[in-house]
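Single-letter residue listing:
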Amino acid sequence: MPDASLPDMSLILDSLAMGLLYCDRQGIVRFVNRAYADLLGRKPEALIGLPITIAIPHSRAHEVMASGKPEMGDLCQLGLAQPVIVNRLPARDGTGQVMGMISQAIFREPAELLNLSARIERRSRKQGSQRRRFLASHPPLFTFENILGASEAIRKLKAQAKRYSAIGEPVLILGETGTGKELFAHAIHAESPAGRGPLICINCAAIPAELFEAELFGYEKGAFSGARPEGKPGQIELADGGSLFLDEIGELAPEIQAKLLRALDSGVVSRLGAINSRPVDFRLIAATNRPLESMLRTGAFREDLYYRLSTFVLYLPPLRMRKEDIMPIACAVLQGMGLEYVAFAPETCELMLRAAWPGNARQLRNAVVHAAAMRNGDRILPADFPAGILQPANAAASPLASAAREAEADAIRNALDLCGANVAAAARVLRISRSALYEKMRRYGVKPNRNPA
């Protein structure tokens, strides 16, 4: 039964400033509130029962009911009043059938519409200006031209990365520290269709775990103690229309990995403390120097996120596996310092090519900067480099380290012999990934023996 304490619905509708009119499927006016009747210059009771085309000669009620589609924002002249904005909405019964039409008259004065339009335009200009400033502060810093090297490995990697750039799917970049993962991430973004959007970069290892969720997903007002009063957008939201680069993604906690996967799959993100989700359109580029495949076995990295990321993978080989890139990079460092006239002595070049460079291109760059600053004259000598840097790859190894490497190489040879030179099977025996086994075989010079004794 209706609540007797509630006023009659017609009284409630009559109190609205917005005009409302309802006609049935035959086009007969069955309800009109006082605001709509005033616009027509009639009394409400004089309109009830009239055909809509008599009450409003130019009415489109029959067209709306025939199509079943609403018509929004039409500027109309109703009676002698000023033009108003009218919405026409098909009314449906419980089965979804059109049973009539509702007409809404929203603005009684054109000035109201002009004022609203001006406010919207000002807000749009302000947001556009803010977004332009934001994009200008988050451009890619490197392109493929900034990735130095003449080796076949680098040429192939750049060609592969350019193909990945055209695809909107996530890219996973693997490699040791200092191999240039961040350079490739910037270049992929710059070359991609999202290159005009922002590139948001986060080092997952540099943000405390307890703050990372709020940093990545943002938070609403009052979400936690110490939160900003106005809330804060997350880095994923800021990457909307562009790319999000997560360096050291292997450092992410599993619960954050799960939320990141949901954002990738659903295209929406929820701030901490929010009720509703926000749509986002971003391209994820991730990088790590950690062995993600072995982390899967311990549960430190989620399988579902790994498989989402590992479709398009770039593996950046260490500098010791592409020695032909050492001198071009070193000379480019000198050129960037304005020291084009400075040269490396022949004995220096020889030692640089034999060095291990465990820190890869980053270590090489810093060592060249040190040597250039310490030189006397226009030639860089071995003594200009930091102590111990130019030791050959095998010279710095202790007897214990050498024994450990030899034992590992023997274990690989034995596993390969046991599995009939089947690398995949040997990797399972050794409980490492096939790619890791191949890398160790290259490092130790181990080759499968196809004809074991």
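It should be noted that the structure appears before, not after, this text.
So, here is what we can say about the structure in this document. Here the residue numbers are simple positions, counted from 1 along each chain's written sequence. Local features are withheld for residues below a pLDDT of 70 in this predicted model, meaning they are given only at 70 or higher, and side-chain atom pairs are given and counted only at 80 or more; totals for whole chains, interfaces and linings count all residues. For side-chain calculations, the full set of non-hydrogen atoms in the structure is used, while hydrogens and water are omitted.

1. Comments concerning the pattern of salt bridges
Here is the rule we go by: A carboxyl oxygen of Asp or Glu within 4 Å of a side-chain nitrogen of Lys or Arg is what we treat as a salt bridge. Exposure is judged per residue with a 1.4 Å probe applied to protein chains only, and the accessible area is read against the type maximum: over 50% gives exposed, under 20% gives buried, and values in between give partly exposed.
In the structure shown here, the tally under the stated rule is 18 salt bridges. Close ionic contact of Asp24 with Arg30 constitutes a salt bridge, the shortest N to O distance being 2.8 Å. Judged by its relative accessible area of 11%, Asp24 falls in the buried class. Its relative accessible area of 46% is what places Arg30 among the partly exposed residues.

2. Overview of the pairing of strand S13 (residues 283-288)
Inclusion rule: Only runs of H or I of at least four residues qualify as helices and only runs of E of at least two qualify as strands under DSSP, and these elements are numbered from the N terminus. Pairing between two strands is assigned when DSSP locates at least 2 bridges connecting them.
Among the 6 residues that make up S13, 6 are buried, leaving the element largely enclosed by the rest of the structure. By the bridge criterion, 4 bridges tie strand S6 (residues 171-175) to S13 in an arrangement that is parallel. Residue pairing across strands places Ile173 opposite Ala287, the latter belonging to S13. Alignment of strand S10 (residues 243-247) against S13, held across 5 bridges, turns out to be parallel. By the bridge assignment for S13, Leu246 is matched with Ala286.

3. Comments concerning the nonpolar core
Under the convention used in this document: Buried residues of nine kinds, namely Ala, Val, Leu, Ile, Met, Phe, Trp, Tyr and Cys, make up a nonpolar core once their side-chain atoms join them within 4.5 Å. In what follows, residue pairs with any heavy atoms lying within 4.5 Å of each other are defined as contacts.
Of all hydrophobic cores here, the largest spans 30 residues; its most connected members are Leu216, Ile236, Leu244, Leu246, Leu260 and Phe301. Listed by contribution, the elements that provide at least two residues to this core are strand S7 (199-203), helix H9 (209-217), S10, helix H11 (254-266), S13, helix H12 (292-298) and helix H13 (303-309). It is H11 that provides the largest number of residues to this core, a total of 5 residues. The residues touching Leu216, leaving out its near neighbours within four places in the chain, are Ile202, Gly234, Gln235, Ile236, Leu244, Leu246 and Ile256.

4. Some thoughts on the packing of aromatic side chains
The condition that has to hold: Pairing of aromatic side chains requires ring centres within 6.5 Å, counting the rings of Phe and Tyr and the six-membered ring of Trp. Pairs whose planes differ by under 30 degrees are stacked, by over 60 edge-to-face, and all others tilted. Any Lys NZ or Arg CZ that is within 6 Å of a ring centre and within 35 degrees of that ring's normal is treated as a charge sitting over the ring.
Applying the stated rule across the entire model yields 2 aromatic pairs. Aromatic side chains Tyr164 and Phe312 sit 5.2 Å apart centroid to centroid with 75° between the ring planes, which places their arrangement in the edge-to-face category. Of this pair, Tyr164 sits in helix H7 (residues 152-165) while Phe312 is found in the loop between H13 and strand S14 (313-316), placing the two residues 148 residues apart along the sequence. One exposure class covers both Tyr164 and Phe312, and it is buried. The ring of Phe217 has Lys259 sitting right over it, with the charged end atom 4.5 Å from the ring centre.

5. Section: the sheet that holds S14
Filter applied, for reference: Each axis is a line fitted through C-alpha atoms, taken for helices only over the stretch in contact, and angles between the N-to-C directions span 0 to 180 degrees.
Judged by pairing direction, the sheet is parallel, and its 5 strands sit side by side in the order S7-S10-S13-S6-S14 without closing on themselves. Two strands in the sheet have a free side with no partner beyond their single neighbour: S7 and S14. Averaged over neighbouring strand pairs, the angle between their axes works out to 15° when direction is ignored. Here S7 runs beside S10; their pairing, made up of 5 bridges, is parallel. Note on S10: the bridge partner recorded for Ile202 is Leu246. Against the sheet, helix H8 (residues 181-191) engages S6, S7, S10, S13 and S14, with an angle of about 160° to S6.

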